[in-house]
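For reference, the chains in residue letters:
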Amino acid sequence: MAFARRPLPARLLLRRLSGQLRQRRGACAGAMAADRCFALELPDCSLTYFTLCVDPPGNADPPGGTCRDPGLAALLGPPGRSYSVCVPVAPEAGCGARVRSAKLHQRLLRQLRRGPLQQCQLTRLLSYRPGGQPGSAQHGFLLRDPEDRPDTGRALDELLEACKEAPRPHLGEFETDPHGRLWQRLWALQDGRRLQVGCARVMPVQEPALHPVLPDLPSSVVFPDREAAREVLEACISFIPEARAVLDLIDQCPKQVQKGKFPVIVIEGLDATVSDSLNAVLLKSPPSCIGQWRKIFDDEPSIIRRAFYSLGNYIVASEIAKESTHSPVIVDRYWHSTAAYAIATEISGGLQHLPPAHHDIFQWPKDLLKPDFVLLLTVSPVERMKRIEGRGMEKSEEEAELEANNVFRQKVEVSYQRMENPRCHVVDASPSRENVLQTVLNLIRNNCN
């Protein structure tokens, strides 16, 4: 027999409905938080993380439920005004879309450093999907105007209006409501005017176990094999004619090469006297056949620049295979430097955000000829610059960054030290040239037949 339920008292009914609404609101906010998060670098090289939750502005926080982060409030809230500019790229987008997004990101960076916008504070902003999903990272900037000048908003509108081709960047504007809560308004430009397309609450989220850009590094800067790097340059042929020439050279290299009977030693930070003392052939990466285009690719975004250097390693591998059949081979820079600089550049924040030791990103590519021994010569920043100036060498962008940014230098060194299979043997190159040479020769003779 079925029994009819007695109606609930009004007070109990309201309480239950209120609880269900709170649960739905919490579930909705949780779903939004899990959809896309953001990583923002703070002045002390730590990272703060937040997400955007759709929440009607009239809703008040539940008792004790307000969530504020001092670091976020200082970067996004008053005084002044902060803006986000992000370059979208779909997670399933192909290599061509990633290249176009990187080109737009580079162009925006140069424009944000000019005119009235150069008076603002510029910070890297990374958007990502939690859970370590490859292909989800979107790069952008946080622009903070301490004085909230009208010129800043107008300059940003003009910048976005000039971006006619896809992908078009997203513009966000942060503000604080009377209750001290942070919000982001998302704008689109239509007929020269701003159109609000979204409004969401800024909420802190837990720091992920690993840096959120890490899953994307194999498809963008630390390529696991030759084909991954080749695909990037194929997407560049239409606007970099030299990319076709590089690909023609790489296509002439066998995909599988074997080392000869003589040892192959890589020295990162090479002194040419080492090769002379061993009667060895000296090879350099990138090799001379593509070195003439180095400056062209150095001016391109990271994904293109790193693909160029990665393919240079495969061309050098073919030269190593040939030369090592009749003499020892010394290689001035190889895969370790390509990967170490890429990791240190792409991983924002300090040393604590680098991938942990033994991570896959530090493993040698399976299709690249492996050396017998790798040496890393290290000197102090002051001594490094003295030697560069003494040799009359022009500072590269990365050398200038090493000199000016102590955190970046440390990230490069730690990345080198975490490389495996083969690992780097570190040598202090600060003593006299003769002492360093003797130390290096002893290590080589003790580790290589």
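Comments concerning the pattern of salt bridges
- Evaluated as defined, the whole model comprises 19 salt bridges.
- One salt bridge in this structure joins Arg149 and Asp145, with 3.2 Å as the shortest N-O distance.
- Across the pair Arg230 and Asp251 runs a salt bridge whose closest N-O atoms are separated by 2.6 Å. Here Arg230 is found in helix α5 (residues 226-234), whereas its partner Asp251 is found in helix α6 (residues 241-251), with 21 residues between them in sequence.
- Residue Asp251 is classed as partly exposed on the basis of its relative accessible area of 43%.

Things to note about empty space enclosed by the protein
- Taken as a whole and assessed by the stated rule, the structure comprises two cavities of 30 Å³ or more.
- Around the largest cavity, the lining residues are Arg226, Cys253, Pro254, Lys255, Val257, Tyr314, Ala317, Asp367, Leu368 and Leu369.
- Tallied by class, the residues present in the lining of the largest cavity amount to seven nonpolar, no polar and three charged.
- One number sums up the size of the second largest cavity: a volume of about 30 Å³.
- Looking at the lining of the second largest cavity, its residues break down into four nonpolar, one polar and one charged.

Notes on the side chain of Arg226
- Here Arg226 is to be found in helix α5.
- For the buried Arg226, no salt bridge is present, and the opposite-charge side chain at shortest range is Glu227, 4.4 Å distant.
- Once residues within four sequence positions are removed from consideration, Arg226 is found in contact with Ile250, Cys253, Pro254, Lys255, Leu311, Tyr314 and Asp367.

Considering the packing of aromatic side chains
- One pass over the structure, following the stated rule, counts seven aromatic pairs.
- When the ring of Phe50 is compared with that of Phe174, the centres are 6.4 Å apart and the planes differ by 80 degrees; the resulting orientation is edge-to-face. Within this pair, whereas Phe50 is found in strand β2 (residues 47-53), its partner Phe174 is found in strand β6 (residues 170-176), the two being separated by 124 residues in sequence.
- We classify Phe50 as buried; its relative accessible area is 1%.
- An aromatic cluster of at least three residues, connected via ring pairs, comprises Phe38, Phe50 and Phe174.
- Seen from the ring of Trp187, Arg194 lies directly overhead, with NZ or CZ sitting 5.5 Å from the centre.

Quick word on the sheet that holds strand β3 (residues 81-86)
- In spatial order, the strands read β1-β2-β8-β7-β6-β3-β5-β4; together these eight strands close into a barrel with antiparallel pairing. Averaged over all neighbouring strand pairs, the angle between strand axes comes to 30 degrees, with direction disregarded.
- Here helix α4 (residues 150-161) sits on the sheet in contact with β3, β5 (138-145), β6, β7 (182-190) and β8 (193-204), set at roughly 10 degrees to β3.

A short note on the confidence of the model for the protein
- When the pLDDT values of the protein are averaged, the result is 84; 83% of them are 70 or greater.
- Counted against residues more than four places away or in other chains, residues 1-34, with its pLDDT under 50, gives 14 contacts.
- Within the model, pLDDT remains below 50 along residues 62-67, and this stretch shows three contacts once partners closer than five positions in the same chain are excluded.

Here we look at the environment of Leu283
- Looking at the element boundaries, Leu283 is found in strand β10 (residues 281-284).
- Remark: the alpha-carbon pair of Leu283 and Glu319, spanning 36 residues in sequence, is separated by 7.9 Å.
- In this structure, Leu283 is in contact with Val316, Glu319, Ile320, Val329, Ile330, Val331 and Asp332, ignoring residues within four places of it in sequence.

Some points on the pairing of β8
- Relative to β8, β2 runs antiparallel, the two being bridged by four bridges. The residue bridging Leu52 from the neighbouring strand is Val202, located in β8.
- The sheet contact formed by β7 and β8 spans eight bridges and is antiparallel. Within the sheet, the bridge partner assigned to Arg185 lies in β8 and is Cys199.
- The loop that links β7 with its antiparallel partner β8 comprises two residues; one of these, Asp191, has a positive phi angle of about 55 degrees.

What about helix α15 (residues 433-447)?
- Along its 15 residues, α15 runs 21 Å from first to last C-alpha, staying within 8% of the 21 Å computed at 1.5 Å per residue.
- Taken as a whole, α15 has its buried residues at Val436, Leu437, Val440, Leu441 and Ile444. Buried residues of α15 fall within an arc of 130 degrees about the axis and therefore sit on the same side. Along α15, exposed side chains directed more than 90 degrees from the buried face belong to Glu434 and Asn446.

Rules used in this analysis
Residues numbered from 1 in each chain as written. Predicted model: local features only at pLDDT ≥ 70, side-chain atom pairs only at ≥ 80, totals over all residues. Heavy atoms only, no water. Salt bridge = Lys/Arg side-chain N within 4 Å of Asp/Glu carboxyl O. Helix = DSSP H or I, 4+ residues; strand = E, 2+ residues; numbered from the N terminus. Buried < 20%, exposed > 50% of the residue type's maximum accessible area, 1.4 Å probe, protein only. 1 Å grid on protein atoms, 1.4 Å probe; cavity = no way out; pocket = protein on both sides within 12 Å on 5 of 7 lines; lining within 4 Å. Points joined across faces, edges and corners; volume = space filled by probe spheres on them. Nonpolar A, V, L, I, M, F, W, Y, C, P; charged D, E, K, R; others polar. Lys, Arg positive; Asp, Glu negative; His and termini not counted. Contact = heavy atoms within 4.5 Å. Phe/Tyr/Trp six-rings, centres within 6.5 Å; stacked < 30°, edge-to-face > 60°. Lys NZ or Arg CZ within 6 Å of the ring centre and 35° of its normal. Pairing = 2+ DSSP bridges. Axes fitted to C-alpha atoms, helices over the stretch in contact; angles between N-to-C directions. pLDDT = per-residue confidence, 0-100. Expected span 1.5 Å × (residues − 1). Arc of directions from axis to C-beta.

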